[in-house]
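Examining the three-dimensional arrangement
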Amino acid sequence: MADKIKKSYKFSKHFYDDAITQGKWWSRLYFNLLWGGVDDNEIARRVLSWIPDDFSGKLLDVPVGTAVFTTAKYQRMTQADITCLDYSQDMLEQAEQRFREADITHIKTVQGDVGALPYADETFDKVLCMNGLHVFPDKDKAYAEIRRTLKLGGGLLACFYIAGEQKVADWLAKTVMTRMGWFTPPFDSADDVRRRLEPYYDILDFHIEGAMLYFRARRKV
């Protein structure tokens, strides 16, 4: 499974940004079919708006991907201590190039696995997880590691595909995206996500648009 994920993102590295930003006609069609017409750019903007530009704590971005949505935001977050982690070295190299071109020097990039984060308990003030939780092979480990490394009272911000909202999206996720290695079942429904969060977090925002969920939650003290 791990090799399949690496190969899939290596294969897609030259068109990944167009796909998720709807920069081409085919990517707009993809979003209409998979996400139910949801604008990923707008959802990314809303999620990132939950982090103030003058945030001065420690932020973990996992998976950072190519940083196509976050570079401009991180350029403004000059007081933050930001760590960007991704399993795919190909994605990480594109993010690093973006940061260099934007002259961003306050970010550490790390190739690693969300299921075994190389950080001590309660390291981060915020964890940002955009377009990641439908990809992670072991979702139990991913949620556990994110929670372990997030400080008490810290914030978890996320957006990702959820099952059970759009029939076409569910079919594509199971038959196309999974086969290509871009998504990894099993997929959570909105209720599944709430059950994962509620014992450990106060849910501050919880929104569903098309087949995408985005939320912010605070780890319970």
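Small disclaimer: the values here were computed from a predicted structure and weren't measured.

Turning next to a nonpolar patch on the surface. The grouping of W171, V176 and M180 at the surface amounts to a nonpolar patch, some 280 Å² of accessible area in total. With respect to the helices, strands and loops of the structure, W171 is situated in helix α8 (residues 167-180). Note on W171: relative accessible area 52%, which makes it exposed.

Membership of the largest hydrophobic core comes to 28 residues, with the highest contact counts inside it found for V47, L59, Y74, M77, I82, F99 and L128. Elements with a contribution of two residues or more to this core: α4 (40-49), β2 (81-86), α6 (89-101), β4 (124-130), β5 (150-161) and β7 (212-219). Looking at which element gives the most residues to this core, the answer is α4, with four residues. In contact with M77, other than residues within four places in its own chain, are I51, P52, D53, F55, L59, I82 and H106. Membership of the second largest hydrophobic core comes to 27 residues, among which are V62, L150, A158 and F215.

Overall, the coordinates contain eight aromatic pairs when judged by the stated rule. Seen from the ring of Y200, R147 lies directly overhead, with NZ or CZ sitting 3.7 Å from the centre. Between R194 and the ring centre of F206, over which it is positioned, the NZ or CZ distance is 4.0 Å.

Let's shift gears to the packing of helix α7 (residues 139-149) against helix α9 (residues 190-197). Orientation of α7 relative to α9, taken along the N-to-C sense of each, is 40°, at an axis distance of 11 Å. In terms of orientation, α7 lies oblique with respect to α9. In this structure, α7 crosses over α9, and the sense of that crossing is right-handed. Facing α7, whose interface residues are K139, D140 and Y143, α9 presents V193, R196 and L197. Its residues placed into classes, the contact of α7 with α9 shows three nonpolar, no polar and three charged.

Our next topic: the confidence of the model for the chain. Summary statistics for the chain give a mean pLDDT of 88 and a share of 83% for residues scoring 70 or more. Counting interchain partners and residues more than four positions distant, the pLDDT-below-50 stretch residues 8-13 has 17 contacts.

On to α4. Of the positions making up α4, those classed as buried are D40, I43, A44, V47 and L48. Down the axis of α4, the smallest arc covering the buried residues is 130°, so these residues share one side.

Glancing now at α8. In this model α8 runs 19 Å from its N-terminal to its C-terminal C-alpha over 14 residues, within 8% of the 20 Å that 1.5 Å per residue would give. The largest bend in α8 amounts to roughly 40° and is located at A173. Among the residues of α8, those classed as buried are A169, D170, L172, A173, M177 and T178. Positive phi shows up at G181, right after α8, with a value of about 90°.

Here the focus is the sheet that holds β5. Overall, mixed pairing links the seven strands, which are arranged β3-β2-β1-β4-β5-β7-β6 in an open sheet. Looking at the sheet topology across the chains shown, the edges are occupied by β3 (107-111) and β6 (201-209). Averaged over all pairs of adjacent strands, the angle between strand axes in this sheet comes to 15°, irrespective of strand direction. Pairing analysis gives four bridges linking strand β1 (residues 58-61) to β2, with the strands arranged parallel. Considered in β2, the bridge of K58 is made with D81. Contacting β4, β5, β6 and β7, α4 runs over the sheet at an angle of about 10° to β7. Sitting on the sheet, α7 is in contact with β4, β5, β6 and β7, with an inclination near 145° to β5.

Parameters at a glance
- Residue numbering note: each chain is counted from 1, following its sequence as written.
- Local features in this predicted model are restricted to residues of pLDDT 70 or higher, and side-chain atom pairs are both shown and tallied only at a pLDDT of 80 or more, whereas totals for entire chains, interfaces and linings draw on every residue.
- Only hydrogens and water are removed before side-chain values are computed, so all heavy atoms of the structure are retained for them.
- Patches draw on residues past 30% relative accessible area with no salt bridge. Two like charges within 9 Å are joined, as are two nonpolar side chains (Val, Leu, Ile, Met, Phe, Trp, Tyr) within 5 Å.
- The Shrake-Rupley method, run with a 1.4 Å probe, gives the accessible areas here. Residue values count only the displayed protein chains as cover.
- A side-chain nitrogen of Lys or Arg and a carboxyl oxygen of Asp or Glu constitute a salt bridge if their distance falls within 4 Å.
- Helix and strand assignments come from DSSP, with helices taken as H or I runs of at least 4 residues and strands as E runs of at least 2, each series counted from the N terminus.
- Under the scheme applied here, a residue whose accessible area is under 20% of the maximum for its type counts as buried, over 50% as exposed, and between as partly exposed, the area being computed with a 1.4 Å probe on protein chains only.
- Take the buried Ala, Val, Leu, Ile, Met, Phe, Trp, Tyr and Cys residues and link them wherever side-chain atoms come within 4.5 Å; each set so joined is a nonpolar core.
- Between two residues, a contact is recorded if the distance between any of their heavy atoms is within 4.5 Å.
- For Phe, Tyr and Trp, rings pair up if their centres lie within 6.5 Å, where Trp contributes its six-membered ring, and each pair is then called stacked (planes under 30 degrees apart), edge-to-face (over 60) or tilted (otherwise).
- By definition here, charges over rings are those cases where NZ of Lys or CZ of Arg is within 6 Å of the ring centre and within 35 degrees of the ring normal.
- Fitted lines through C-alpha atoms serve as axes, helices being fitted only where they are in contact, and the angles separating the N-to-C directions of these axes extend from 0 to 180 degrees.
- Angle categories are assigned with fixed cut-offs, so that under 35 degrees is roughly parallel, over 145 is roughly antiparallel, 65 to 115 is roughly perpendicular, and the rest are oblique.
- Should the near helix be turned anticlockwise from the far one by less than a right angle, the crossing is termed left-handed; should it be turned clockwise, right-handed.
- For this classification, the nonpolar set comprises Ala, Val, Leu, Ile, Met, Phe, Trp, Tyr, Cys and Pro, the charged set comprises Asp, Glu, Lys and Arg, and every other residue, Gly included, is treated as polar.
- Residue-level confidence of the predictor is summarised by pLDDT, bounded by 0 at the bottom and 100 at the top.
- To obtain the arc, one takes the directions from the helix axis to the C-beta atoms.
- Working rule for helices: expected span equals 1.5 Å times residues minus one.
- Think of it this way: the bend at a residue is just the angle between two axes, each fitted to seven residues, one set ending at that residue and the other starting at it.
- Any two strands with at least two DSSP bridges between them are considered paired.

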